[in-house]
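Descriptive analysis of the structure
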Amino acid sequence: MASTEGDRKVRISKIAGRYLVFDIDDVAYIRREHGICAVFTGTMPQNPTQNVFLGLPLELYAEDAKMLLDRKVAYIADDPLEHLNKLKSMDDETRKSYLQSIKTQRRNAQLVFDEAKAQSQARHKDKRKPKQQLQVPVVVPTELPPASVNDDAATTTVEQKEEESLFGESSSKPAPAASQKPPVKEKLPAITPTTSNAMLSSDDGTSNPADVENHTALPLYSYLNESGYFITPGLRFGGDFSVYPGDPFRYHAHYMANSYGWDEKIPMLDLVTSGRLGTAVKKSFLMGGQKPATGDSEAGELRAFCIEWAGM
């Protein structure tokens, strides 16, 4: 990835027809600089059924991906093919670098665990009861009778044997070498890598490019985005898009939008139901379409209209 945002290239992974972004820095960049929110789809392995606090990867609309390509700030990689090629052509230096990055992540995880353990011990230190000291009985030494002559002789014999064993050449044996303990292996927690960026660090987006398909609503989407609106999926409000005047963290949606073809016939029932539904959820129903290209001319103007349900 580029070091500055001026020459940043967002890597969009195309997997099973979906456009995914795995890098959190790329997610922040396209939201801050290009007004693209998209949808988080990642979940936690410990709780895979939860659907409230989702995380990486970020799934883009086809319109999002195409718009970023047109602005030349992203590229799309065929992810399965890309990974197979990278794994087959990985050299020893790249392999060592990737393993070292995994080891660094494990060490960082161990530091976090140690810090949490130390904080927990500090919190519970005052709550622990002091251990009661055990009373050890005191033994009073008794006087021994004086040693006899035979005892002195036995002691002298033992001392002579010790001198012979220590200094005698015939009975001397080499002292056993001190047992060397094997080096202690560093115990680190196991982790599950969440990205393979270390293997794809040299990727420039030209090895396995992929195209964007099915971006029929791109004209209306680009028109709203260039006008400063933020766009999210509009299914819960009955439209193609929910349109916000600013970041959805700060504003409610003002419009629910649908895209139509220039010559497409719109049933009157759709206008009535969409208009009433938009009014019921305190939003305006917005629809738009672009005049198609004719001959050598490019696509023409785009028109958008808002419909609100009013009493008679």
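Bear in mind the structure is a predicted one, so any value in this text is a computation, not a measurement.

By the burial criterion, the buried members of helix 1 (residues 24-34) are Asp26, Val27, Tyr29, Ile30 and His34. Taken around the axis of helix 1, the buried residues stretch over an arc of 165°, which confines them to a single face. Its side-chain oxygen 2.9 Å from the backbone nitrogen of Asp25, Asp23 forms the N-cap of helix 1. A positive phi of about 65° marks Gly35, the residue just after helix 1.

Glancing now at helix 2 (residues 62-70). When we look at burial in helix 2, the residues that qualify are Ala62, Glu63, Asp64, Ala65, Met67 and Leu68. Buried positions along helix 2 lie against strand 1 (10-15), strand 2 (18-21), helix 1, strand 4 (55-60), strand 5 (74-78) and helix 6 (218-226). With its phi angle positive at about 60°, Lys72 sits one or two positions after the end of helix 2.

Within the secondary structure, Asp26 is located in helix 1. Among the polar contacts made by the side chain of Asp26, one reaches the side chain of Arg8 at a distance of 2.7 Å.

Bringing the sheet that holds strand 1 into the picture now. Spatial strand order, 3-4-2-1-5: five strands in an open sheet with mixed pairing. Strand pairing shows two members of the sheet lacking a second neighbour, strand 3 (39-42) and strand 5, which therefore form its edges. Adjacent strand axes in the sheet meet at a mean angle of 40° when their direction is disregarded. Packing against the sheet, helix 2 makes contact with strand 1, strand 2, strand 4 and strand 5, and its axis sits at approximately 120° to strand 5. In the packing of helix 3 (residues 79-88) onto the sheet, the strands contacted are strand 1 and strand 5, and the crossing angle to strand 1 comes to about 105°.

Thresholds, definitions, all that
- Along each chain, the written sequence defines residue order, and numbers are assigned to residues from 1.
- Local features in a predicted model are, by the rule used here, given only for residues with pLDDT of at least 70; side-chain atom pairs are given and counted only at 80 or more, and totals for whole chains, interfaces and linings are based on all residues.
- The side-chain quantities take in all heavy atoms of the structure and omit both hydrogens and water.
- Classification of residues uses two cut-offs on accessible area relative to the type maximum, computed with a 1.4 Å probe and protein chains only: under 20% is buried, over 50% is exposed, and between them is partly exposed.
- In this text, helices come from DSSP runs of H or I with a minimum length of four residues, and strands from runs of E with a minimum of two, each type numbered from the N-terminal end.
- Taken from the helix axis, the directions to the C-beta atoms give the arc we talk about.
- Whenever two N or O atoms come within 3.5 Å, that pair is a polar contact, provided that in protein one can donate a hydrogen and the other can accept it, and provided that, for residues adjacent in sequence, both atoms are side-chain atoms.
- Contacts were defined at the residue level, with two residues in contact if any of their heavy atoms lie within 4.5 Å.
- Between any two strands, pairing holds if DSSP finds at least two bridges.
- A fitted line through C-alpha atoms serves as each axis, taken over the contacting stretch for helices, and the angle formed by two N-to-C directions is quoted from 0 to 180°.

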